[in-house]
Amino acid sequence: MKVEKLHMRCLINGEWRDARSGSTFDVRNPATNELIATAPLLDREQVEEAISSANAAFPAWRDLPARERARMLRAIGDSLQRRSEEFAQLITREQGKPLAESRGEVAYSVNYLHWFAEEAMRVCGDIIPSDSPQKRILVLKQPIGVAAAITPWNFPIAMLARKMGAALAAGCTFIAKPAPETPLSALLLGELCQEAKIPSGAVNIITGDAAMIGAALMASPFVKKVSFTGSTEVGKLLIQQSADTVKKLTLELGGNAPFIVLDDADLDRAIDGAIFGKYRNAGQTCICVNRFLVHESFAQEFSERLVERAKGLVVGNGLEEKTAIGPLINDQARDKVVGLLNSAASDGATFLCGEGARQATSRFVEPCVITGVKPSMRIWNEEIFGPVSTITTFSSDAEAISLANNTPYGLAAYVYSSNLNRALRTAELLDFGMVGINDTAISNAQAPFGGVKQSGFGREGSKYGVDDYTVLKYLSVA
Ligand code: NAP
């Protein structure tokens, strides 16, 4: 695959660069442990160079007519669409997810780029009536400046596309630091930026030590905004590090999604939604269901049907078309899931299927369904990030809402009911940034993605997504 050669370099100031020291890190296929590529371990000076180049490129990029920026963004999206199979194969090789999901991720990323190409032309301010007839109040939306993004491994290109699209649309220049497990598709995206004639320095893609790069970005007075998708733990560290330069942040952090099945739910739809919402990407998405809350009147039927469907999911190498669940990203991820399963078992939870996963030694973890889960258990409180369904029952809507809200996280929640009014009432009372009503496929370019509480703040995608990369300037004209 030609990407192996290309992906050993970072994009800085319009040039492909190796680490000055020659140092690299290995990128391996999580399914086979095969070495796919090496990528540069940049030093601090090179990170500073990326920041300086983004800073130098900012005035010209900001002043480019929005239509020009839009044209380039659209061109990147078009190239990604044209090369979608190449990207999908690469994502599966570096991340492990089934090929069908990688194809979906590429299409989802194209949508973000095309969406923001159009939004670029609609970054409009306001004229507000003043108390004084002599005065005019003008509000301008201006790009904040150099924006940086730190992205996770679970959606290697989609998280980057939705940050880069919004930043470039707003008129910001951009620096991206992809996760070390999955830098390859991100670096290949840099090639598409070059082809689209994005000016030198307007997009930089850098790899290396996360703590060093994170600290350099946070300390720099030139970087005006950082958008981070990843764990709540690292998000909190970035909040602390942002204090010195009073940097604007967007934080898309961890979740603990409840999936509420009310007593009038259509069970067929609920089971379909449960399988998609729980097991895609082997359970490794921030909006994956973490807790099924099922009305006691049909908890048994729901559990039995979920078990039947979960047992039919084929676990294997994502490159094989029949695979529904790929490997977990690495051994630490597997150990975390195994630890949560064993802790739940010793606290009294019951396995309906997948008990063998308690002894998993490979990254291929069989799908599990567990009942009798209680709010005191670790598995209730922690993000599982694995193919594990946990089921708890309730007897009233109020109890379901209270159980669902019993977490410091607030990213996504799901409600299944055949009564739309009841579902809407329930959704309004859930302390989450996004609620799927009879739906678990909630991510798309048109909608504002983001959380509340310790799941973070800021929104990505949608017309609101560009706002996170702008500042308002008020002009008082007398
Ligand atoms: P993570 O450990 O927080 O890592 C995310 C990124 O941050 C990686 O690139 C990582 O690089 C980097 N990082 C680590 N320490 C850093 C530091 N001190 N300064 C700057 N950057 C640092 O999270 P993950 O395990 O990759 O991703 C899974 C988490 O992301 C889950 O909690 C999931 O819910 C969350 N997530 C949230 C959303 C959302 O939209 N809300 C979407 C997807 C995922 P290194 O790997 O080199 O440390």
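The coordinates are above.
First things first, this report covers the structure right here in the doc. (Residues numbered from 1 in each chain as written. Predicted model: local features only at pLDDT ≥ 70, side-chain atom pairs only at ≥ 80, totals over all residues. Heavy atoms only, no water.)

**Concerning the overall build of the chain**
A tally of helices and strands in the chain yields 16 helices and 22 strands. On C-alpha atoms alone, the chain measures out to a radius of gyration of 23 Å, which is about the 23 Å that the 2.2 N^0.38 rule sets for 478 residues. Referenced to the eigenvectors of the C-alpha coordinate spread, the extents of the chain come out at roughly 65 × 65 × 40 Å. Taken across its 478 residues, the chain has 58% of its residues classed as buried. In the chain, 73% of the contacts between residues at least 6 apart in sequence involve partners at least 24 apart. With the model as given, the accessible surface of the chain reaches about 18,500 Å², and the carbon-plus-sulfur share is 52%. Distance between charge centres in the chain, computed from 50 positive and 54 negative side chains, equals 5 Å. (Helix = DSSP H or I, 4+ residues; strand = E, 2+ residues; numbered from the N terminus. Rg over C-alpha atoms; globule rule 2.2 N^0.38 Å. Buried < 20%, exposed > 50% of the residue type's maximum accessible area, 1.4 Å probe, protein only. Contact = heavy atoms within 4.5 Å. Areas by Shrake-Rupley, 256 points an atom, 1.4 Å probe, with all protein chains shown as cover. Lys, Arg positive; Asp, Glu negative; His and termini not counted. Charge placed at Lys NZ, Arg CZ, Asp CG, Glu CD.)

**Topic: empty space enclosed by the protein**
Going through the model one piece at a time under the given rule, you end up with two cavities of 30 Å³ or more. By volume, the largest cavity is sized at about 50 Å³. As for the largest cavity, its lining consists of 13 residues, and the residues nearest its centre are Thr285, Cys288, Asn290, Glu383 and Phe385. Among the residues making up the lining of the largest cavity, the classes are represented as six nonpolar, five polar and two charged. (1 Å grid on protein atoms, 1.4 Å probe; cavity = no way out; pocket = protein on both sides within 12 Å on 5 of 7 lines; lining within 4 Å. Points joined across faces, edges and corners; volume = space filled by probe spheres on them. Nonpolar A, V, L, I, M, F, W, Y, C, P; charged D, E, K, R; others polar.)

**Observations regarding the nonpolar core**
Ranked by size, the top nonpolar core spans 72 residues in total, and within it Phe302 and Ile379 carry the most contacts. The element contributing the most residues to this core is helix α12 (residues 331-346), with seven residues. What isoleucine 379 contacts, discounting residues up to four positions off in sequence, is Asn290, Leu340, Leu341, Ala344, Ile370, Val373, Ile384, Val388 and Thr390. The next biggest cluster of nonpolar side chains, apart from the first, holds 58 residues, and it includes Phe87, Leu160, Ala167 and Ala445. (Core = buried A, V, L, I, M, F, W, Y, C linked by side-chain atoms within 4.5 Å.)

The analysis is restricted to geometry; functional conclusions fall outside its scope.
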